[in-house]
Amino acid sequence: MSETPATRAYRIAYDGRPFHGFQRQPDVSTVENAVFDALRELGVLDEQADKPTGYAAAGRTDAGVSARAQTVAFEAPAWLSPRALNSELPASVRAWASADVESDFHATHAADSRTYRYHLYAPRDGSEGVAGGGALDEGRTRDAFAGLAGEHDFHNLTPDEEGTVRDLSTAVERDGEFLVIRLAAGGFARQLVRRVVGLAVEVGRGASELSKVNRVLGDGVVEGPEGVAPAAPYPLVLWDVDYPGVAFSVDEDAAASAREVFDARCMEFSTRGRVAGTIRDSLE
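Everything quoted here is computed from the prediction, not taken from an experiment.

Novice: Explanation requested: the pattern of salt bridges in the structure shown.
Specialist: Side chains that differ in sign of charge can pair as their charged atoms come close. Counted by the stated rule, this structure contains 15 salt bridges. Put simply, Arg 40 and Asp 37 hold a salt bridge, and the shortest N to O gap is 4.0 Å. With Arg 40 and Asp 37 both in helix H1 (residues 31-41) and 3 residues apart, the pair spans about one turn of that helix. Asp 37 gets classed as partly exposed once you look at its relative accessible area, which sits at 46%. In this structure, the salt-bridge partner of Asp 281 is Arg 280, at a minimum N-O distance of 2.9 Å.

See the structure below:
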């Protein structure tokens, strides 16, 4: 007798740099394409099927954005553990935890909140912390994020025309030479996280006054030279997605594999940084 698939949710971490975002697209590499390709190789997804039965994802991330806890859910056989899924995923994409959920579970709509972290380089000594933008004043930056917190219509900070009212939580923590920005809400419109960061950085650099925050959050349209461009994608991480009543079980082997992958990336970029630093110092 054939096994009856059950709906299961998977936590997925990925380095977003090699991908053109999460959502599948034709002719370019995306995280979702990688997941679907892995499921086809494992025989879970038919070659002709558009997507797995019951499939949904917690959200979309832009090109270059990474994730710790992107979440996908679909009907899966009992043997499809995170470790099994990793056997056909590229190294830059790692499943590391899973949870059995109700058959009507929807990874997008069932999420209670989503949390992003943005790692903003901001040296304590006041030297240039944003490429090409000058030094970042920590106090001004914190004030800008505080002004953006709460329920607002963020229509000036997203290309979306609907779903622009959000209740945003913000927090800023100093971690060495970085300000780690925590942004949480029930959901996010397109580019909202990166444009919120972009606006706070404008204020922190002194390129805009704090009053611009209120102007951007107002009813009027702010565009042209006054518009807010999205901050760079690579310092942004989809950190957590909260599902009330869902308990994820960590697959220790899969989590160890993910740690190895990201440890290798840490060493790679430490080496790149050292090489760049030696060249810089030799030219002084």
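Novice: Is there a simple way to think about unusual backbone geometry in this case?
Specialist: One non-glycine residue, Asp 27, lies in the positive phi region at around 75 degrees. Note on placement: Asp 27 falls in the loop between strand E1 (6-14) and H1. Non-glycine residue Gln 191 carries a positive phi angle of around 65 degrees. Its place among the elements puts Gln 191 in the loop between strand E10 (178-185) and helix H4 (192-205). Classification of Gln 191 by relative accessible area gives partly exposed; the value is 26%.

Novice: In this structure, what is going on with the side chain of Asn 86? I would like to understand it.
Specialist: Along the chain, the position of Asn 86 falls in helix H2 (residues 82-86). In this structure, Asn 86 is in contact with Val 93, Arg 94, Ala 95 and Ala 254, ignoring residues within four places of it in sequence.

Novice: Looking at this structure, how should I read the nonpolar core?
Specialist: Side chains of nonpolar character tend, in soluble globular proteins, to be buried together. Membership of the largest hydrophobic core comes to 68 residues, with the highest contact counts inside it found for Leu 183 and Val 196. For this core, the element with the most residues is H4, which contributes 8 residues. Those residues within four positions of Val 196 in sequence are excluded, and the remaining contacts are Phe 145, Leu 148, Phe 154, Leu 157, Leu 168 and Leu 183.

Conventions used here
Residues numbered from 1 in each chain as written. Predicted model: local features only at pLDDT ≥ 70, side-chain atom pairs only at ≥ 80, totals over all residues. Heavy atoms only, no water. Salt bridge = Lys/Arg side-chain N within 4 Å of Asp/Glu carboxyl O. Helix = DSSP H or I, 4+ residues; strand = E, 2+ residues; numbered from the N terminus. Buried < 20%, exposed > 50% of the residue type's maximum accessible area, 1.4 Å probe, protein only. Contact = heavy atoms within 4.5 Å. Core = buried A, V, L, I, M, F, W, Y, C linked by side-chain atoms within 4.5 Å.

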